[in-house]
Amino acid sequence: MIGNPTMRPVTFACCYGWLHLPASRNATTGVVLCSPFGYDALCVHRGWRDFANALTVSCGIPALRFDYPGAGDSGGNEEDPQRFRTWIDSVKAAAQYLRATTGVTQLIFCGLRLGATLAVLAAEELGDVDSLVLMMPVIAGKRYIRELSMQHQRWLKSPIGRESAEPCDDERSVGVFGFQLYADTLEQLATVDLVHHARASAPRVLLHDICDSVSMNRLAERYRGHGVRADVQIFTEYDKFLLDPRLSVPPWRAFDSVLGWLGFQSGTMATPPVEILAPTADARIDFAVGHETPVVFGEGRYVGVFCQPRCALESAPAVLLVNAGAVHRIGDGRLAVLMARRLAEQGIASLRMDLGGLGDSLHHESAPMLEAIYALHSVTDATAGVEWLMAAGHQEVVVFGVCSGAYVSIHTALAHPRVVGCMSVNLPFFLWGAPQTKLEALHFESIRVYWRAIRSPHKWLRLLTGRANGLAKAIGLARRWKVRLTSLAISPFEGRFGINTSTGEIRQFIMELERKGVQTSLVYGSLDAGRDELEIHFGPSGSQLEKLTNVTAKILKGVDHALFSHTARNVVMAHFEEFLRDRVLDARPPVARPVAWTEADECLR
Amino acid sequence: MKTELRRVLSEIACLDVPVETLSDTDDLYAAGLSSFGTVRVMLAVEDALGIEIPSELITFELFQSIDSLARALAPLVSEKSAACRQCVDARE
């Protein structure tokens, strides 16, 4: 049977996954892809998807990638008991699912980082896996735990990390950037040592590492001692793969090498996009107060997960959750998944979606880069999400987003007549096109952070000894002060004598939201750089917005930019629920009376 | 110790430029050291020098240069040497 290469969302054993099928449906070999855990999985999501597509397109073999229970879009939470055991079982369940749905008889397990370790352990238990591809495997569990702990310590030392530090973090769990491993999982993981426990997990093993390491060579030797054909290959490009999703670059040479090792022709980079199929009718993840179904919409362009409550709240609007930066739909620290399930508890349905070019959605031909995705297409894409919710029976929609998702949120709120509310968390800029929309500008901290630094002798020492880039920071600060001072000086003449500033444009934008009657909540962490933008245009803590009926600003303590901290996520989720209750559900205030622009402008002054 | 640090950086750090071309004060981040790379370097340094880097030392600044690494780690290495000497003395 011949068709097009496809990818289709599937569910099995409480796991959410993607089944990638080649054009020819008579393959006898299939690949189970075991993704890494936590932030690593977030970093590599798009590249991992591309690798799965390459396996189907270039090699003609089916591949299954999936989220572990308690991770990604799968059921459960990472703090649930016995995660490590459950994850090994989920790899075995994936193998069974792949065999059952495609009829393959030979299995390859391919894992990255902790996923590679899980692949080894699952293969040992199954005993019938033909090949193992282990990309930068976690060889010793204790070392991995130490690595996570070190990464977390580094983040805690950053100004934002310090602000959002949770004192109990270190005692109850280990993790980094919003993902945690808890006590019993740590206990199980600490006993893992592949070198000492290596067995003949499969007849062939390919080991990839970033550099020639003693432990990797020992592991290869152990495998060879058990009669396994073990090969080691080194690819430094993995270093650029495990980066913030905005910067992550798939290791194409390493992927090509895997294809070659498996006996197929390489050429992963030339892989064209594959068709995204609608999920099967039985694809769903159930949880205590609702269920989730994968959705594919916009003529197969967009991908999302629709979360429905068991007991729906009558006439409640649905919530659309959009991406933040290049992170796929689950969000940093799995925020969107947690929020969707909390909303379901209150009877509210939600759709978390990938904008075009992000996560699993198709990319826009004209906009392969992240900046272009947001500048050119993001609002249109989110509007497609709103339309899908309306088609599903929800007449009103509230949009929620963090960082660049906050930008999408307020602009979609203005663009679509059925959007009645929006919450924008840590909005970095109001309009696209200003210098602060450049990616490098997102590394610039809040003025408050630099103000604190000024009072630190240690920071002065670093500056004076040339160990800090004082010039770049000074330019960034000068730019902000220039905008602020220009805004103050020109404000009385805005819109008159042909004088228009960015502040005027932004105020006009906010007034349009006010006039439309969209309940708009701008939320900022106290040290977030976006707060500077708010204050440049609307005064201290956005105080000038207090004069408006429908648009408010709120500063929340302990909230870091991406909501990496557990507390930050809980604070924001609680604030969003309160917003929905007070301003959208219970007390829908009347739409602001139509006002002429000049009057509105006076109001904001 | 700097020789050992240079060896680790050369093997583990995946910098954009050869370590030999860097001076002791050159910015390692500017040379391509990633956040993932810093963790790998920390673990490798711990193995190579037989020390455990305490959490208070794990800062962005620690990896700024070979000098900053050597300066921060020197007391730990001295402490470890002193402890070893005491062990030997006690055995004798």
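Residues numbered from 1 in each chain as written. Chains lettered and ligands numbered in written order. Predicted model: local features only at pLDDT ≥ 70, side-chain atom pairs only at ≥ 80, totals over all residues.

**A look at the overall build of chain B**
Then, number 1: Broken down by element type, chain B carries three helices and zero strands.
Then, number 2: Seen in sequence order, chain B has helices and strands lined up from the N terminus as α-α-α.
Then, number 3: Taking the principal axes of its C-alpha atoms as reference, chain B extends roughly 50 × 25 × 20 Å.
Then, number 4: Here chain B, with 92 residues, has 28% of them falling under the buried criterion. (Helix = DSSP H or I, 4+ residues; strand = E, 2+ residues; numbered from the N terminus. Buried ≥ 20, exposed ≤ 12 C-beta atoms within 10 Å, placed from the backbone.)

**A look at the overall build of chain A**
Then, number 1: In terms of regular secondary structure, chain A is built from 20 helices and 20 strands.
Then, number 2: The buried share among the 605 residues of chain A stands at 52%.
Then, number 3: For chain A, restricting intrachain contacts to residue pairs at least 6 apart in sequence, the fraction spanning at least 24 positions comes to 69%. (Contact = placed C-beta atoms within 7 Å.)

**A look at the sheet that holds strand β11 (residues 275-276) of chain A**
Residue and element names in this part refer to chain A.
Then, number 1: Here nine strands make up an open sheet; going across it, the order is β10-β9-β6-β5-β3-β4-β2-β1-β11 and the pairing mixed. Of all the strands in the sheet, just β10 (229-234) and β11 have a single pairing partner and so form its edges.
Then, number 2: Pairing analysis gives four bridges linking strand β2 (residues 15-21) to strand β4 (residues 63-66), with the strands arranged antiparallel. Within the sheet, the bridge partner assigned to Trp18 lies in β4 and is Arg65.
Then, number 3: Against the sheet, helix α1 (residues 39-59) engages β1 (6-12), β2, β3 (29-34), β4 and β5 (106-112), with an angle of about 40° to β2. (Pairing = 2+ DSSP bridges. Axes fitted to C-alpha atoms, helices over the stretch in contact; angles between N-to-C directions.)

**So, the domain arrangement of chain A**
Size of an interface: often given as the accessible area lost when the parts come together.
All names here are of chain A.
Then, number 1: When cut into domains, chain A gives domain 1 (6-138 + 200-276), domain 2 (141-191) and domain 3 (285-432 + 502-604).
Then, number 2: Once you take the C-alpha centre of each, domain 1 and domain 2 turn out to be 25 Å apart.
Then, number 3: By residue number, the principal contributor to the side of domain 1 that touches domain 2 is helix α2 (residues 83-102), which donates three residues.
Then, number 4: Considering only residue class, the side of domain 1 that touches domain 2 consists of six nonpolar, two polar and four charged. (Domains from an automatic or database assignment. Nonpolar A, V, L, I, M, F, W, Y, C, P; charged D, E, K, R; others polar.)

**Things to note about helix α13 (residues 404-415) of chain A**
All names here are of chain A.
Then, number 1: Compared with an ideal rise of 1.5 Å per residue, which puts 12 residues at 16 Å, α13 spans 16 Å between its outermost C-alpha atoms and is within 8% of the ideal.
Then, number 2: Among the 12 residues of α13, 10 are classified as buried, and the element is accordingly described as predominantly covered.
Then, number 3: Of the residues making up α13, those classed as buried are Ser404, Gly405, Ala406, Tyr407, Val408, Ser409, Ile410, His411, Thr412 and Ala413.
Then, number 4: Along its buried surface, α13 packs onto α12 (370-391), β17 (397-402), β18 (419-425), α17 (502-516) and β19 (519-525). (Expected span 1.5 Å × (residues − 1).)

**Notes on the interface of chain A and chain B**
Then, number 1: Every contact between the two is made by 17 residues of chain A and, on the other side, 17 residues of chain B.
Then, number 2: Take the side of chain A that touches chain B: its biggest share by element is seven residues, from helix α4 (residues 141-156) of chain A.
Then, number 3: Looking at the side of chain A that touches chain B residue by residue, the class counts come to five nonpolar, four polar and eight charged.

**Some points on the nonpolar core**
Residue and element names in this part refer to chain A.
Then, number 1: One finds Val32, Phe109, Ala119 and Leu320 to be the most contacted residues of the largest nonpolar core, which totals 201 residues.
Then, number 2: It is α1 that contributes the most residues to this core, 12 residues altogether.
Then, number 3: Here Leu320 is in contact with Leu351, Met353, Ala382, Gly385, Val386, Leu389, Val397 and Val399, once residues within four sequence places are set aside. (Core = buried A, V, L, I, M, F, W, Y, C linked by C-beta atoms within 7 Å.)

**Focus: the sheet that holds strand β16 (residues 350-354) of chain A**
All names here are of chain A.
Then, number 1: One open sheet accounts for nine strands, arranged β12-β13-β14-β16-β15-β17-β18-β19-β20; its pairing is mixed. Every other strand in the sheet has two partners, leaving β12 (285-287) and β20 (551-556) as the edge strands with one partner each. On average, adjacent strands in this sheet sit at an angle of 20° to one another, irrespective of strand direction.
Then, number 2: Of the strand pairs in this sheet, β19 and β20 are connected by six bridges, and their pairing is parallel. Among the inter-strand pairings, Val523 is bridged to a residue of β20, identified as Lys554.
Then, number 3: Contacts between helix α11 (residues 335-345) and the sheet are confined to β12, β13 (290-297), β14 (302-309), β15 (318-321) and β16, with β14 contributing the most and set at about 30° to the helix.

**Things to note about the environment of His291 of chain A**
All names here are of chain A.
Then, number 1: On the secondary structure map, His291 appears in strand β13.
Then, number 2: Owing to 15 C-beta atoms within 10 Å, His291 belongs among the partly exposed residues under this scheme.
Then, number 3: Through-space distance from the C-alpha of His291 to that of Tyr223 is 43 Å; in sequence the pair is 68 residues apart.
Then, number 4: Sequence-distant contacts of His291, defined by excluding residues within four places in its chain, comprise Arg284, Ile285, Asp286 and Gln308.

**Considerations on the pairing of β14 of chain A**
Residue and element names in this part refer to chain A.
Then, number 1: For β14, the tally of buried residues reaches eight of eight residues, placing the bulk of the element in the interior.
Then, number 2: Across the two faces of β14 the burial is the same, with Tyr302, Gly304, Phe306 and Gln308 and Val303, Val305, Cys307 and Pro309 all buried.
Then, number 3: Judged from the eight bridges that link them, β13 and β14 form a sheet pairing that is antiparallel. Following the sheet pairing, Phe297 is matched in β14 by Tyr302.
Then, number 4: Taking the residues that link successive antiparallel strands as the turn, the β13-β14 hairpin has four residues, and the phi of Gly298 there is positive, at about 65°.
Then, number 5: Pairing between β14 and β16: five bridges, direction antiparallel.

**What about the packing of α4 of chain A against helix α7 (residues 183-190) of chain A?**
Residues and elements named next belong to chain A.
Then, number 1: Taken N-terminus to C-terminus, the directions of α4 and α7 make an angle of 130°; their axes are 7 Å apart at the nearest point. Classified by the angle between their axes, α4 and α7 sit oblique to one another. Contact residues: Gly141, Lys142, Tyr144 and Ile145 in α4; Leu186, Leu189 and Ala190 in α7.
Then, number 2: Per-class residue counts for the contact of α4 with α7 are five nonpolar, one polar and one charged. (Parallel < 35°, antiparallel > 145°, perpendicular 65-115°, else oblique.)

**Re the environment of Leu121 of chain A**
Then, number 1: With respect to the helices and strands, Leu121 of chain A occurs in helix α3 (residues 114-126).
Then, number 2: For the pair Leu121 of chain A and Pro309 of chain A, spaced 188 residues apart in the sequence, the C-alpha separation amounts to 36 Å.

**Looking at the pairing of β16 of chain A**
Successive residues of a regular strand alternate their side chains across the two faces of the sheet.
Residue and element names in this part refer to chain A.
Then, number 1: Among the five residues of β16, five are classified as buried, and the element is accordingly described as predominantly covered.
Then, number 2: By the alternation rule, side chains of β16 split into Ser350, Arg352 and Asp354 and Leu351 and Met353, which are all buried.
Then, number 3: With respect to chirality, the unit in which β15 leads through α11 into the neighbouring parallel β16 is right-handed. (Right-handed = clockwise from strand over helix to strand, strands pointing away.)

**Notes on α7 of chain A**
Residues and elements named next belong to chain A.
Then, number 1: When α7 is considered as a whole, its buried residues turn out to be Thr185, Leu186 and Leu189. All buried residues of α7 project into a common sector of 100° when viewed along the axis, lining one side.
Then, number 2: Where the residues of α7 are buried, they touch α2, α4, β7 (173-176) and β8 (179-182). (Arc of directions from axis to C-beta.)

**Quick notes on the packing of α4 of chain A against helix α2 (residues 35-49) of chain B**
Then, number 1: Direction vectors running N to C along α4 of chain A and α2 of chain B enclose 125°, while the axes themselves pass 10 Å from each other. In terms of axis orientation, α4 of chain A runs oblique to α2 of chain B. You can see that α4 of chain A and α2 of chain B cross each other, and the crossing is right-handed. Residues Arg143, Arg146, Glu147, Met150, Gln151 and Arg154 of chain A of α4 of chain A form the contact with α2 of chain B, whose own contacting residues are Ser35, Thr38, Val39, Met42 and Leu43 of chain B.
Then, number 2: Taken together, the residues of the contact of α4 of chain A with α2 of chain B sort by class into four nonpolar, three polar and four charged. (Left-handed = near helix turned anticlockwise from the far one by under 90°.)

**Things to note about the confidence of the model for chain B**
Residue and element names in this part refer to chain B.
Then, number 1: Chain-level statistics for chain B give a pLDDT mean of 84 and a share of 90% at 70 or above.
Then, number 2: Taking the mean pLDDT of every element in chain B, the minimum, 78, falls on helix α3 (residues 66-91) and the maximum, 88, on helix α1 (residues 2-12).
Then, number 3: Model confidence for the complex: the whole-complex pTM is 0.87, and ipTM, which rates the interface, is 0.78. (pLDDT = per-residue confidence, 0-100.)

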